[in-house]
Amino acid sequence: MGESFISAREVAAGVRAGEWTARHVADEHLAAVAERDGEIHAFLHVDPDAVRAAADRIDAAVAAGDDPGPLAGVPVALKDNLCTRGVPTTCASRILEGWRPPYDATVVERLVAAGAVVVGKTNLDEFAMGSSTENSAFGPTRNPLDPSRVPGGSSGGSAAAVAAGFAPLALGSDTGGSIRQPAALCGVVGLKPTYGRVSRHGLVAFASSLDQIGPFTRSVADAALALDVIGGHDPLDATSSPSPQPDHLAAVDSGVDGLRVGVLSEMLDMDGVAPEVVARVREAAEALAAAGAEVVEVSVPAVIYGLSAYYLIAPAEASSNLARFDGVRYGLRVDAPTTNEMMVATRTRGFGPEVKRRIMLGTYALSAGYYDAFYGQAQRVRTLIARDFAAAYERVDVLLSPTSPTTAFAFGDKTADPLTMYLNDVCTIPSNLSGDPAISVPFGTGGDDLPVGVQVMGPALAETDLLRTAAVLEGAAP
Amino acid sequence: MAERITRDDVAKVAQLARLALSDDELDTFTGQLAAVLEHAEDVAALDLADVAPTAHPLQLGNVLRPDVVGPTLDRDEVLAAAPSAEDGRFRVPTILGEAP
Amino acid sequence: MTAPTAPTTIDSDEVFTVEAGGTTFELVCGLEVHAELATATKMFSGAPNRFGDEPNTNVDPVTLGLPGTLPVVNERAIELAIRFGLAVGAEIRPSVFARKNYFYPDMPKDFQISQYDQPIVVDGSIELPGGHVVGLERAHLEEDTGKSTHVGGDGRITGAEYSLVDYNRAGVPLLEIVSRPHVRTPEQARQYVAELRAVLVAAGVSDGKMEEGSLRVDANVSVRPVGTDALGTRCEIKNLNSLRSLGRAIEYEARRQADLIAAGERVEQQTRHWDEDSGRTSKMRSKEEADDYRYFPEPDLLPVTPDPAWIDAIGAALPPMPAARRQAVADAAGVVLPDETVALIVERGQDSQALDAITAGADAARVLVHVSQNLAGEGGASVAPDRLAALIALETSGALTATQAKAVLAEMVGSDATPEEIAAAKGFEAMDTGALEAMVDEVIAAHPDEWETFRTGDDKARGKLTGFFVGQVMRASRGQADGKAVTDLLRRRSGA
């Protein structure tokens, strides 16, 4: 499997320099998938012929003297809630089984334009609702580091694909931690960019005001490179930031000398955060101090309300976003005598229990008489959280916390009670509510020898500070 | 704070959301939704009358698109993906009642 | 989110009343008009906004609400809403799009993006040709739905075997214009919609074609005993596809409600369907059955806060509205003209033609007669004002008779020739007095009996025979004689 673990930057450099072909790289990665994905189940869809054909096009471009771009020949895995023209896009739901979008997501267009080769579509919790990938209608994904454990979620397939060497780069989506938490559990780097940095056009929406697309990689530099390719303004997304992008890759190695780092105290004290996870965060802070950063402890009081606010806002938006799956235009239809009965039958059979639970919760939170108490109140909490973060960022440049309260847990551990599962996201949710960027980088292991992720957060559009901090941690990791 | 969610509330919400729930599911969901809403009590109890709601993390506005015609989809491709189509249109069973 | 506030009524010179059970009830009515905007593309995507195309050809991923698609606001739609707002003297406000959630097969996302508690246009008014003013509460932007065709049964929704959905119309920009309950007669309702349409067309906001569904009207109707202030329970009437339906439906509904109250029953708040064939309204659903729309701010869109400089520029470029144009025509006429004549000239967009001809020195009364009656047909509006003025100069100088002027004008439509050239080509030379006298004398000699009666008869007989003799002279002159000159000559010859 050796070559399937090289970085995206190395793959692209080799392909551009003619040292090896994109076809060779594709074959190596397809071989890794063939060997191990039967067990891991990272992918819902792989079309080896299409992968080889795409790689051959890159090689033809190189042969013709053209530069295919910064991701020349780099195999990428795409979470299956990203639309790919003519390629099945299921969101791991029965309701979209067999649907082939007639268009590509903006991020897919940008990856392909940069020379990337799409390996396949990865597994997820149905409609990205979950933290373990156990909610996939097509069966769970296993953690490549310990197949008896979950890979995290909802982007578990993408995290597992990168961890297993199926691709050096995968894209996921992060609504409440769905990139960072599986990255932590699978021991890879996961970046949730600032809301608006990456176009959501073509991402099947879960909660529109929280969703953001980002990369999984095995190195911080690869995450920077991926952001350089997929980020930037898109006129097809009205919430896309018009701010010009800096060169993230160029900033990765600039160190943390003089950078002000805050350890977010509330997130070390939260219920359920394992002691060894807290220990790794403290060691990470020491490593940054040793590299020249000023480290202080900082309080962001309102983050303790994040989980509650999130579980009102996200389901509310989801209940509306998922209304369109009604059996009329695409996807599943369960026949019935009237249109209304057909819609009910289709949705009842097409959605899994967690999706139904969140649709119900969201519908209730928006319904007459409850809007102010639930959705309206949660939006006010959002203001509080953003305000407290802004105050913290006047004192420090970045904040440090655990990504996930624990290392990877076993299948079935948290499925009995939804709330227990939701508590996985307690450290990641606040950044989605504020819209700020956050990255998870592996830093040592827990008592079970499974990886611990440390989360680095920063103010809007401060991805370069996050990346250079993460790069220092990457180098200092035990 | 709103009162604890009841089985009847859950049944009404299921109807609004176009989901059919069995009696068992109704019971399970009632308990689970109540637990999540109970956890949200901390938020509901906050006095936030003076705090403006944030609908959106971005402080942007006036994002407009020029009125220029763009590409359309191929009808055959679109209708081929439909569960049922006829005569260039999407076919649905009898509709009971006019649109609201 | 909070719903809009409750409206108030105003007085009107005329109020429609219904007698029932010894009580006189008066009508209170407000109108909701949905106008499709004259944009090239849809409200939230670049698919064409075009009527009458093959089904499902004007659709893109956003129109079909495909998973992953996002709306982006059409700048032109915002501009047209601002234009409308300024045209009706309204306030332009920062606005927010919301989602109105309900399941229906003609709505691709199963929610409609619509401005709810923060509409773009607030508080305007429309002045009807008779002077009655109807207040506007608000106008907000939203997207249209697709269209269903019902197959089997009698083609209506009830009893159909199945339905077919076309999404060409889905996403077309709509401006929903909500009046205050200031409409007090069925005639005012018709006038209001006609005037609103004229404003929309004049401002370039909508093509206003009711027959193509570009303009759709719902009426909120209630009644109350004359002399009381409280508003009665209202019913919303849908399916009003013409001005005729609108007036009939309001009248029917007012009677229905008055009869209910007189019979001791309650009016239930309902949405009702107008059936043009039976001339009745029937219940679609009651308020209790109404969906819970679960409005919340559309998270995919940001607030729209138009720049004041943009609003000013739009206002500066706005053409005069029909009410102002009618006033200008009436003022220029210098004579009392029927309201309908003025309204007609403005509606046809021929007011500048008329006003410019008057400015060029033509007689105002003759200009307005020609424009309203003789230039009503196709191409009539294209006759340049200075050419119209030149024709009227010939007419008022006596070089052409009224009949001849009308004939020349008809030729001027679609021709570059001068009125003089056309008159000459038609042989319309003004006859000199000697020739006319000779012709009159010939006619008298040819009809001695009639002439004797004319000379000696009473006024009635003279009047009748004047027509006879003028007709004979006209025939002999092949229409070139001036009727008034002939009458004068007859009077002189008879010694009167």
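Residues numbered from 1 in each chain as written. Chains lettered and ligands numbered in written order. Predicted model: local features only at pLDDT ≥ 70, side-chain atom pairs only at ≥ 80, totals over all residues.

### Some thoughts on the overall build of chain A
Point 1. Along its length, chain A carries 17 helices and 11 strands.
Point 2. In terms of C-alpha radius of gyration, chain A reaches 21 Å, essentially the compact-globule figure of 23 Å for 478 residues.
Point 3. By principal-axis analysis of the C-alpha atoms, chain A measures approximately 65 × 55 × 45 Å.
Point 4. Considering only residue pairs separated by 6 or more positions, chain A has 76% of its internal contacts joining residues 24 or more positions apart. (Helix = DSSP H or I, 4+ residues; strand = E, 2+ residues; numbered from the N terminus. Rg over C-alpha atoms; globule rule 2.2 N^0.38 Å. Contact = placed C-beta atoms within 7 Å.)

### Observations regarding the nonpolar core
Point 1. Formed by 287 residues in total, the largest nonpolar core has its most connected members in A:V76, A:V117, C:A81, C:F84 and C:A219.
Point 2. The biggest single contributor to this core is helix α14 (residues 372–395) of chain A, with 10 residues.
Point 3. Grouped together as the second largest cluster of nonpolar side chains are 27 residues, C:V367, C:V371, C:A389 and C:L400 included. (Core = buried A, V, L, I, M, F, W, Y, C linked by C-beta atoms within 7 Å. Buried ≥ 20, exposed ≤ 12 C-beta atoms within 10 Å, placed from the backbone.)

### Some points on the interface of chain B and chain A
Point 1. Listed as interface residues are 47 residues of chain B and, on the opposing side, 55 residues of chain A.
Point 2. Only α1 (7–16), α2 (23–39), α3 (41–44), α4 (75–80) and β3 (89–93) of chain B provide two or more residues apiece to the side of chain B that touches chain A.
Point 3. In terms of residues, the side of chain B that touches chain A owes the most to one element, α2(B), which gives six residues.
Point 4. Considering only residue class, the side of chain B that touches chain A consists of 36 nonpolar, six polar and five charged. (Nonpolar A, V, L, I, M, F, W, Y, C, P; charged D, E, K, R; others polar.)

### Some remarks on the pairing of strand β10 (residues 162–166) of chain C
Point 1. Across the five residues that make up β10(C), a large majority, four, are buried.
Point 2. Direction of pairing for β3(B) relative to β10(C): antiparallel, over a ladder of four bridges. Across the sheet, the residue bridging to B:F90 is C:V165, located in β10(C).
Point 3. Pairing analysis gives five bridges linking strand β9 (residues 147–151) of chain C to β10(C), with the strands arranged antiparallel. Each residue of the ladder has a partner; that of C:K147, found in β10(C), is C:D166. (Pairing = 2+ DSSP bridges.)

### Looking at the packing of helix α13 (residues 353–366) of chain A against α1(B)
Point 1. Contact geometry of α13(A) with α1(B) gives a least axis separation of 9 Å together with a crossing angle of 100 degrees. When the axes of α13(A) and α1(B) are compared, the pair comes out roughly perpendicular. Here α13(A) contributes A:M360, A:T363 and A:Y364 to the contact with α1(B), which in turn contributes B:D9, B:V10, B:V13, B:A14 and B:L16.
Point 2. Here the contact of α13(A) with α1(B) is built from residues that sort into six nonpolar, one polar and one charged. (Axes fitted to C-alpha atoms, helices over the stretch in contact; angles between N-to-C directions. Parallel < 35°, antiparallel > 145°, perpendicular 65-115°, else oblique.)

### Things to note about the pairing of strand β3 (residues 117–122) of chain A
Along a regular strand, successive side chains alternate from one face of the sheet to the other.
Residues and elements named next belong to chain A.
Point 1. In terms of burial, β3 is a largely internal element, six of the six residues being buried.
Point 2. Where strand β1 (residues 43–46) lies against β3, three bridges are found, and the strand directions are antiparallel. Bridge pairing in β3 places F43 opposite T122.
Point 3. Pairing of strand β2 (residues 75–79) with β3, which is carried by five bridges, proceeds in the parallel orientation. Residue pairing in the sheet places K79 in a bridge with T122 of β3.
Point 4. The parallel pair β2 and β3, bridged by helix α4 (residues 106–113), forms a crossover whose chirality is right-handed. (Right-handed = clockwise from strand over helix to strand, strands pointing away.)

### A look at the packing of helix α5 (residues 322–333) of chain C against helix α7 (residues 351–359) of chain C
Residues and elements named next belong to chain C.
Point 1. Two elements in contact, α5 and α7, have axes whose closest approach is 10 Å; the angle formed by their N-to-C orientations is 30 degrees. Of the possible angle classes, the one that applies to α5 and α7 is roughly parallel. Like other packed secondary-structure pairs, α5 and α7 cross with a definite hand, here left-handed. Judged by residue contacts, R325, A328, V329 and A332 of α5 engage D351, A354, L355 and I358 from α7.
Point 2. Residue composition of the contact of α5 with α7, grouped by class: six nonpolar, no polar and two charged. (Left-handed = near helix turned anticlockwise from the far one by under 90°.)

### Side note on the interface of chain C and chain B
Point 1. Each partner contributes residues to the interface: chain C has 48 residues there, and chain B has 35 residues.
Point 2. Of all elements in the fold, only β3 (73–74), α1 (75–87), β9 and β10 of chain C reach the threshold of two or more residues within the side of chain C that touches chain B.
Point 3. With five residues, β10(C) is the largest single contributor of residues to the side of chain C that touches chain B.
Point 4. When its residues are assigned to classes, the side of chain C that touches chain B shows 26 nonpolar, 13 polar and nine charged.

### Focus on the sheet that holds β1(A)
All names here are of chain A.
Point 1. Within the open sheet, the 11 strands sit side by side as β1-β3-β2-β4-β6-β5-β10-β11-β9-β7-β8. Their pairing is mixed. Unpaired on one side and paired on the other, β1 and β8 (294–298) mark the two borders of the sheet. For this sheet the average axis-to-axis angle between neighbouring strands, irrespective of direction, equals 30 degrees.
Point 2. In terms of strand pairing, strand β10 (residues 438–445) meets strand β11 (residues 451–457) through six bridges, oriented antiparallel. When the bridges of β11 are listed, A438 appears paired with M457.

### Here's the deal with helix α5 (residues 156–163) of chain A
All names here are of chain A.
Point 1. Among the eight residues of α5, eight are classified as buried, and the element is accordingly described as predominantly covered.
Point 2. By the burial criterion, the buried members of α5 are G156, G157, S158, A159, A160, A161, V162 and A163.
Point 3. Of the residues flanking the end of α5, it is G165, one or two places downstream, whose phi is positive at about 80 degrees.

### Let's talk about the environment of A:D104
Residues and elements named next belong to chain A.
Point 1. For D104, the position within the fold is in the loop between β2 and α4.
Point 2. When the 21 C-beta atoms within 10 Å are taken as the criterion, D104 is described as buried.
Point 3. In this view, D104 contacts C83, T84, R85, E109 and G202; residues no more than four positions away in its chain are not counted.

### Section: unusual backbone geometry
Point 1. A:G153 connects to A:S154 through a cis peptide bond whose omega is 10 degrees.
Point 2. Mapped onto the fold, A:S154 is located in the loop between β3 and α5.
Point 3. One non-glycine residue, B:N62, adopts positive backbone phi at about 55 degrees.
Point 4. Its location among the elements puts B:N62 in the loop between α3 and β1 (64–65).
Point 5. Backbone geometry at C:N56 places phi at a positive 55 degrees, although glycine is not the residue there.
Point 6. Residue position: C:N56 is located in the loop between β2 (23–36) and β3.

### Things to note about the sheet that holds β3(B)
Point 1. Taken together, the four strands give an open sheet; going across it, the order is β2(B)-β3(B)-β10(C)-β9(C), and neighbouring strands pair in antiparallel fashion. The strands lining the two open edges of the sheet, one partner per strand, are β2 (85–86) of chain B together with β9 of chain C.

### Comments concerning the confidence of the model for chain B
Close reading of the predicted structure is inappropriate where its pLDDT is low.
Point 1. Of the residues in chain B, 97% reach a pLDDT of 70 or more, and the chain-wide mean stands at 91.
Point 2. Scoring the predicted complex yields pTM 0.90 and, for the interface, ipTM 0.96. (pLDDT = per-residue confidence, 0-100.)

### A look at helix α10 (residues 402–412) of chain C
Residues and elements named next belong to chain C.
Point 1. Among the residues of α10, those classed as buried are Q404, A405, V408, L409 and M412. Viewed end-on, α10 has its buried residues packed into an arc of 135 degrees, placing them on one side of the element.
Point 2. Considering only its buried residues, α10 is in contact with α8 (364–374), α9 (385–396) and α11 (419–425).
Point 3. Looking one or two residues beyond α10, the residue adopting positive phi is G414, at roughly 80 degrees. (Arc of directions from axis to C-beta.)

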